[in-house]
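# Breakdown of the fold
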Amino acid sequence: YPEYSEELNYSSDQAQMNKFIEVVTQIRNLRQSVNIKPKDEVKASLFTDDIELQNYFNSHLTGFADLARATTVTIEKKSATRPAKSIMSALTHTEVFLPLEGVIDLTDQIKRLAEKEYMKLEKKLSNEKFVANAPDEVIVEVKEKASEFKSKANSIKENLENFKS
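Report follows, based on the coordinates.

Here we come to the sheet that holds strand E2 (residues 70–76). Strands pair in a sheet through their backbones, by hydrogen bonds, and they do so in one of two ways: parallel or antiparallel. Taken in spatial order, the 4 strands line up as E2-E1-E4-E3 in an open sheet, and their pairing is mixed. A strand with exactly one partner marks an edge of an open sheet, and here the two such strands are E2 and strand E3 (86–90). Within this sheet the neighbouring strands show an average axis-to-axis angle of 20 degrees, counted without direction. Here E3 runs beside strand E4 (residues 95–99); their pairing, made up of 5 bridges, is antiparallel. Each residue of the ladder has a partner; that of Ser89, found in E4, is Val96. The strands touched by helix H3 (residues 61–68) within the sheet are strand E1 (42–47) and E2, with E2 carrying the most contacts at an inclination of about 135 degrees.

Written out as structure tokens, the structure is:
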């Protein structure tokens, strides 16, 4: 039987690889959340204050390119400036940013997300069976939610002009 040898214990490497896998997963999840096709390449910006992790990520840039379909990956300290017009996800050790400008139509994407929930509620309210069978308090609640989503969607549309510039 093999005997345990402390020199073959690579717990630090395993911890860094687990963080690498988490970041790749987050990049993929962010891509999917805004319907970026798997074949399309993106830029990614990673922000972490862990120097060892920065070095590990820098030595595995080709892994990011292959596994996350990222053309460029920048790794910086958390004090650095974040990229504009990006989506982000925060992990306990790293913040992940994907700049969206030039990758997707931002206006259409934001409108789609803002109006999706409103349309679902409107469909429910236009369903005669729902209106006829639902208790009054449920109908009032759905109408209030629809009104909230409509005002949020309008607010987002107004703010899109600021986002475009």
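From this point, things continue past the structure.
On to helix H2 (residues 51–58), then. Turning to H2, its buried residues number three or more, namely Leu53, Gln54, Tyr56 and Phe57. Along the long axis of H2, the arc covered by the buried residues comes to 165 degrees, so they all point the same way. Where H2 is buried, its residues meet helix H1 (11–33), E1, H3 and E2. Where H2 begins, the capping side chain belongs to Asp50, and its oxygen is found 3.1 Å from the backbone nitrogen of Glu52.

Another aspect to go through is the pairing of E4. Burial within E4 is extensive, with 5 of its 5 residues counted as buried. Both faces of E4 are covered, namely the face carrying Glu95, Phe97 and Pro99 and the face carrying Val96 and Leu98. Turn length for the E3-E4 hairpin, with the two strands adjacent in sequence and antiparallel, is 4 residues.

This next bit is on the packing of aromatic side chains. All told, the structure shown has 3 aromatic pairs when counted by the stated rule. Plain terms: the ring middles of Phe20 and Phe64 are 4.6 Å apart, the flat faces sit at 50 degrees to each other, and that makes the pair tilted. Within this pair, whereas Phe20 is found in helix H1, its partner Phe64 is found in helix H3, the two being separated by 44 residues in sequence. As far as the burial class goes, Phe20 and Phe64 line up, both buried. Here the aromatic residues Phe20, Phe57 and Phe64 are joined through ring pairs into a cluster of three or more. The ring of Phe47 carries the charged tip of Arg82 above its face, separated from the ring centre by 4.4 Å.

Quick notes on the rules
Residues numbered from 1 in each chain as written. Predicted model: local features only at pLDDT ≥ 70, side-chain atom pairs only at ≥ 80, totals over all residues. Heavy atoms only, no water. Pairing = 2+ DSSP bridges. Helix = DSSP H or I, 4+ residues; strand = E, 2+ residues; numbered from the N terminus. Axes fitted to C-alpha atoms, helices over the stretch in contact; angles between N-to-C directions. Contact = heavy atoms within 4.5 Å. Buried < 20%, exposed > 50% of the residue type's maximum accessible area, 1.4 Å probe, protein only. Arc of directions from axis to C-beta. Polar contact = N/O pair within 3.5 Å; in protein donor to acceptor, adjacent residues only side chain to side chain. Phe/Tyr/Trp six-rings, centres within 6.5 Å; stacked < 30°, edge-to-face > 60°. Lys NZ or Arg CZ within 6 Å of the ring centre and 35° of its normal.

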